[in-house]
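For reference, the chains in residue letters:
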Amino acid sequence: MKIISVAAMRRLEKRWMESHRSPGYELMERAGRAAAEIINREYTGFTRAVLLVGGGNNGGDALAAAPRLELPVEIFALRPLNQLTGEAAEAARRLPDSLPVRAAEQLTAADFRPGDLIIDGLLGIGYNGAPLRSEVRTAIQAANASGSPIVALDLPSAVAGDTGEIPADGTAIRADLTITFGHPKRGLFMKAGPACRGRLRVADIGLGDPDEFEAVECYALSDAVRLQPRPAFDSHKNRRGRLLIVAGSRQYRGAARLAALGGLRGGAGLVRLLSVAPVLQPPAALIFRELENAAGVLPPDALSANADFAAASDALVAGPGLGGASVELLQSALDFPGAVLLDADALNLAAAHPGAWRRRDRMVITPHPGEAHRLARGFGLPEPSDRTEFAAALAAGLGAVTVLKGAGTVVAAPDGRISINTSGTSDLGTAGSGDVLSGAVGAVLATGMEAYEAARFGVFLHGLAGEIGGAGLIADDLPVLLGNALKIIRTNRLTSAE
């Protein structure tokens, strides 16, 4: 899915209105309807939806959504609704008389109460970084101070649509979720945008494809639905992807288990594991071989001495919890004939022994920022401060699809393709989460999917599982949640109850 500029969004809206010979209000209705559908699905159990309505079309989007919300609604208007103009005025005229509206020029946190869900319709794509009017600044500060979850429409208010910049004093909506219309805007992925937007949903309002080239794309639910691996109905375990995992050490036994469960729940038909004996609580569905080593790490010949496991596998994941494994094990992994994913300690080995590296087809690496910097220094690669540029530099320099983990995980291919993931939550920042991710992406690689697309799908799946888990999530929860996320993608039905 394309990430677009504000100017491109305006051109799309104009093109749609001209081709449909329809006023802009119909697009506002579509946006309001889509926003309400998402809010109704994802936010249940609240006592009130409080809509913050500004004087522009973003306020009109909120007003168009208001009658469709299943929660009791109260509208806090920063300007009298009879003073709105254009499409927003039409939304105000169509607002049912039963919905309460109150003037809210001087909001405070005390205006909100426990059980509120705040809908941010203050500022939209028209905001370009200009100083905020006092009533808007006050409303933003009050909403943020309330402690209530905030859903932002199109963009969090006071985040510039093209740059992600916010006012110097930091006054901008801090959303739990942003519902962006048509296509994601550049500012959602730049500077303060990721921190302000929270989780991200893209609402299709029928605008079609943008007219400008964008080097960086994003990956959303619609992409996952369209590009997901689809096993044939008559598939069996050997046709759905056979994954081999080389992981674990005496100190990090749990990493092997988490990666194996990630592979099993991520869709692989069959998962084999080579790990240090004894394997920690192996799931019954796993085929595993315990290797003895007095040092408590996998021996250098772990792969070569178990060639039967390698020959019966379509993809290899190596690295989670390997501890002090040898560079010879890394070289054996690079010689694996199928797809290869390297994570964690395998990447640290590569950084320490760059001479052992060789480029190969269907290779994925999944570094967190610390591992990424070690790789860059080990191989003499640039370390740009921009995450997309950093991921692209690693991908080009190492010849591997690079998954640079973090908020808005970046997936970059050696040929220059770059994608930013839209699923996920800070709750995924927990020990072992990356081990589950490596297994999940490995499972998709084992299906035969091209490495870049496999990485994008696996990363989105993992992020969606984290969203379902929510607060209190630990890595042990994620494998089962991967299955729930797969169900959502296969049915294209995103609900908080899944």
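The paragraphs below set out a description of the structure included in this document. Predicted, not measured: the structure shown is a model, and the values here were computed from it. Starting afresh in each chain, residues are numbered from 1 along the sequence in its written order. Thresholds applied to this predicted model are a pLDDT of at least 70 for local features of residues and 80 or more for the giving and counting of side-chain atom pairs; totals over whole chains, interfaces and linings are not thresholded and use all residues. Side-chain figures throughout are based on the complete set of non-hydrogen atoms in the structure, without hydrogens or water.

1. Regarding the packing of aromatic side chains
Ring pairs are drawn from Phe, Tyr and Trp, using the six-membered ring of Trp, whenever the two centres fall within 6.5 Å, and their geometry is named by plane angle: stacked under 30 degrees, edge-to-face over 60, tilted for the rest. According to the stated counting rule, one finds 4 aromatic pairs in the structure shown. Plain terms: the ring middles of phenylalanine 76 and phenylalanine 112 are 5.8 Å apart, the flat faces sit at 35° to each other, and that makes the pair tilted. Placement of the pair is phenylalanine 76 in strand 2 (residues 73-77) and phenylalanine 112 in the loop between strand 3 (101-103) and strand 4 (116-121), with a sequence separation of 36 residues. In this structure, phenylalanine 76 and phenylalanine 112 share a single accessibility class: buried. Judged by centre distance (5.9 Å) and plane angle (75°), the ring pair of tryptophan 357 and phenylalanine 379 falls under edge-to-face. On the criterion of sequence distance, the pair formed by tryptophan 357 in the loop between helix 11 (345-352) and strand 14 (363-365) and phenylalanine 379 in helix 12 (residues 369-379) is long-range, its members being 22 residues apart. Burial status follows relative accessibility: with a 1.4 Å probe on protein chains alone, a residue under 20% of its type maximum counts as buried, one over 50% as exposed, and anything between as partly exposed. Note on tryptophan 357: relative accessible area 14%, which makes it buried. For helices the rule is a DSSP run of H or I covering at least 4 residues; for strands it is a run of E covering at least 2, with both sets numbered from the N terminus onward.

2. Comments concerning the packing of helix 2 (residues 24-42) against helix 3 (residues 57-65)
Whenever a helix is involved, its axis is fitted only over the stretch in contact; in every case the axis is a line through C-alpha atoms, and angles between N-to-C directions fall within 0 to 180 degrees. Taken N-terminus to C-terminus, the directions of helix 2 and helix 3 make an angle of 60°; their axes are 7 Å apart at the nearest point. By the criterion of interaxial angle, the relationship of helix 2 to helix 3 is oblique. The two elements helix 2 and helix 3 meet at a crossing, and its hand is right-handed. Contact with helix 2, carried on its side by Met28, Glu29, Ala31, Gly32 and Ala36, involves Asn57, Gly60, Asp61, Ala64 and Ala65 of helix 3 and no other residues of that element. The scheme is simple: roughly parallel for angles under 35 degrees, roughly antiparallel for over 145, roughly perpendicular for 65 to 115, oblique for anything else. Two helices crossing with the near one rotated counterclockwise from the far one by less than a right angle form a left-handed crossing, whereas a clockwise rotation gives a right-handed crossing. Whether two residues are in contact is decided by their heavy atoms, any of which lying within 4.5 Å being enough.

3. Details of the sheet that holds strand 4
Two strands form a pair only when DSSP identifies at least two bridges running between them. Ordered by their spatial adjacency, 7 strands build an open sheet running 3-2-1-4-5-6-7, and the pairing between neighbours is parallel. Because the sheet does not close on itself, it has two edges, and the strands there are strand 3 and strand 7 (199-203). Pairwise comparison of adjacent strand axes, ignoring direction, gives a mean angle of 20° for this sheet.

4. Concerning unusual backbone geometry
With an omega dihedral of -10°, the bond running from alanine 277 to proline 278 counts as a cis peptide bond. Its place among the elements puts proline 278 in the loop between strand 10 (270-276) and strand 11 (287-291). Here aspartate 154, not a glycine, exhibits a phi torsion of approximately 70°, which is positive. Turning to its location among the elements, aspartate 154 is positioned in the loop between strand 5 (150-153) and strand 6 (177-181).

5. Re the pattern of salt bridges
One side-chain nitrogen of Lys or Arg within 4 Å of one carboxyl oxygen of Asp or Glu is enough to make a salt bridge. With the rule as written, the count across this model stands at 27 salt bridges. Notably, a salt bridge pairs glutamate 217 with lysine 2, separated by 3.1 Å at the nearest N-O pair. Of the two residues, glutamate 217 is situated in strand 8 (residues 216-219) and lysine 2 in the segment before helix 1 (6-20); the sequence distance between them amounts to 215 residues. According to the relative accessible area criterion, glutamate 217 is partly exposed, its value standing at 21%.

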